[in-house]
Amino acid sequence: MSPKRERPSFDAIYLQLARVLAARSTCERLQVGTVITTTDYRKVLAVGYNGNATGLHNGCDRNEPGNCGCLHSEENAVINCDAPRATEKVVFVTHLPCIQCAKRLINLGNVRKVVYSEEYRLRDSVAVLESVGIEVVRGQGISGDLMK
């Protein structure tokens, strides 16, 4: 009988997927990825990464922090999500969402939890998400040895 190996959690798996998606980002300042799943983790409902709008140049419009002109990864994931509002959702994102993306996630409907791995320079989104009953959790993702 072989030794029991440690299985990664769904949070770790989907945070890793968000990191892989972030590699597609065309933003010059910060690469962010987002995955939206069902609460039983059986379905990926949408994905997104930050960058300029489809058909525009693959880069930022400006060099202003927080105002580079790129669509945020959460924004793109919300645009790509065609699940009904009644479907309960979990959002995995490489970085804590900004306040505007937090509001977009609220309007997506039935988001139960937001799991992120990296802090964002502003944390005001946490209070907004929690004020409507969305749990906010800082997760870790998969370490390199579990990926082998």
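Structure shown above.
Keep in mind it's a predicted model, so treat the numbers as computed, not measured.

Considering the packing of helix H2 (residues 73–80) against helix H3 (residues 99–108)
Here H2 crosses H3 at 20 degrees, and the two axes come no closer than 9 Å. Accordingly, the angle class assigned to the pair H2 and H3 is roughly parallel. Two packed elements cross with a definite hand, and for H2 against H3 that hand is left-handed. Residues Glu74, Glu75 and Val78 of H2 pack against Cys101, Arg104, Leu105 and Leu108 of H3. In terms of residue class, the contact of H2 with H3 is made up of 4 nonpolar, no polar and 3 charged.

With respect to the packing of H3 against helix H4 (residues 124–131)
One can describe the packing of H3 onto H4 by two numbers: an axis separation of 8 Å at closest approach and a directional angle of 20 degrees. Considering their axes alone, H3 and H4 lie roughly parallel with respect to each other. At the point where H3 passes H4, the crossing takes the right-handed sense. Here H3 contributes Ile99, Ala102 and Ile106 to the contact with H4, which in turn contributes Asp124, Ser125, Val128 and Leu129.

Section: the nonpolar core
Of all hydrophobic cores here, the largest spans 23 residues; its most connected members are Ile36, Cys81 and Val114. At the level of elements, strand S2 (44–49), strand S3 (89–95), H3, strand S4 (111–118) and H4 are the ones that each hand at least two residues to this core. Per-element accounting of this core gives the leading share, 4 residues, to H3. Not counting residues within four places of it along the chain, the set of residues in contact with Ile36 comprises Lys43, Val44, Leu45, Ala46, Ala77, Val78, Cys81, Lys89, Val90, Val91 and Leu108.

Observations regarding the environment of Ala12
With respect to the element layout, Ala12 can be found in helix H1 (residues 10–22). The class of Ala12 is buried, set by a relative accessible area of 9%. For the pair Ala12 and Ile142, spaced 130 residues apart in the sequence, the C-alpha separation amounts to 5.2 Å. Those residues in contact with Ala12 that lie beyond four places of it in its chain are Gly141 and Ile142.

Overview of the packing of aromatic side chains
The full count for this structure, using the stated rule, is 5 aromatic pairs. Between Tyr14 and Tyr41, the ring centres sit 6.4 Å apart and the planes meet at 20 degrees, which makes this aromatic pair stacked. Of this pair, Tyr14 sits in helix H1 while Tyr41 sits in the loop between strand S1 (33–38) and S2; the two residues are 27 residues apart in sequence, bridging distant segments of the chain. For Tyr14, a relative accessible area of 9% gives the class buried. Taking the centre distance of 6.2 Å and the plane angle of 45 degrees together, the rings of Tyr41 and Phe92 count as tilted. Separated by 51 residues along the polypeptide, Tyr41 in the loop between S1 and S2 and Phe92 in strand S3 bring together distant segments of the chain.

Things to note about the environment of Phe92
Its relative accessible area of 0% is what places Phe92 among the buried residues. On a C-alpha basis, the gap between Phe92 and Gly33 in space is 8.2 Å, while along the polypeptide they are 59 residues apart. Once you skip the residues sitting within four places of it in the chain, Phe92 turns out to touch Phe10, Asp11, Tyr14, Leu15, Ala18, Gly33, Thr34, Val35, Thr37, Tyr41 and Val115.

Some points on the pairing of S4
Counting buried residues in S4 gives 6 out of 8 residues, a clear majority hidden from the surface. Bridge count between S3 and S4: 6 bridges; the pairing is parallel. Bridging across to S4, Lys89 finds its partner in Val111. With H3 bridging S3 and its parallel neighbour S4, the resulting β-α-β unit is right-handed. With 4 bridges joining them, S4 and strand S5 (residues 135–138) adopt parallel strand pairing. Of the residues in S5, the one forming a bridge with Val114 is Val136. In the classification by handedness, the crossover that spans S4, the intervening H4 and the parallel S5 is right-handed.

Thresholds, definitions, all that
Residues numbered from 1 in each chain as written. Predicted model: local features only at pLDDT ≥ 70, side-chain atom pairs only at ≥ 80, totals over all residues. Heavy atoms only, no water. Axes fitted to C-alpha atoms, helices over the stretch in contact; angles between N-to-C directions. Helix = DSSP H or I, 4+ residues; strand = E, 2+ residues; numbered from the N terminus. Parallel < 35°, antiparallel > 145°, perpendicular 65-115°, else oblique. Left-handed = near helix turned anticlockwise from the far one by under 90°. Contact = heavy atoms within 4.5 Å. Nonpolar A, V, L, I, M, F, W, Y, C, P; charged D, E, K, R; others polar. Core = buried A, V, L, I, M, F, W, Y, C linked by side-chain atoms within 4.5 Å. Buried < 20%, exposed > 50% of the residue type's maximum accessible area, 1.4 Å probe, protein only. Phe/Tyr/Trp six-rings, centres within 6.5 Å; stacked < 30°, edge-to-face > 60°. Pairing = 2+ DSSP bridges. Right-handed = clockwise from strand over helix to strand, strands pointing away.

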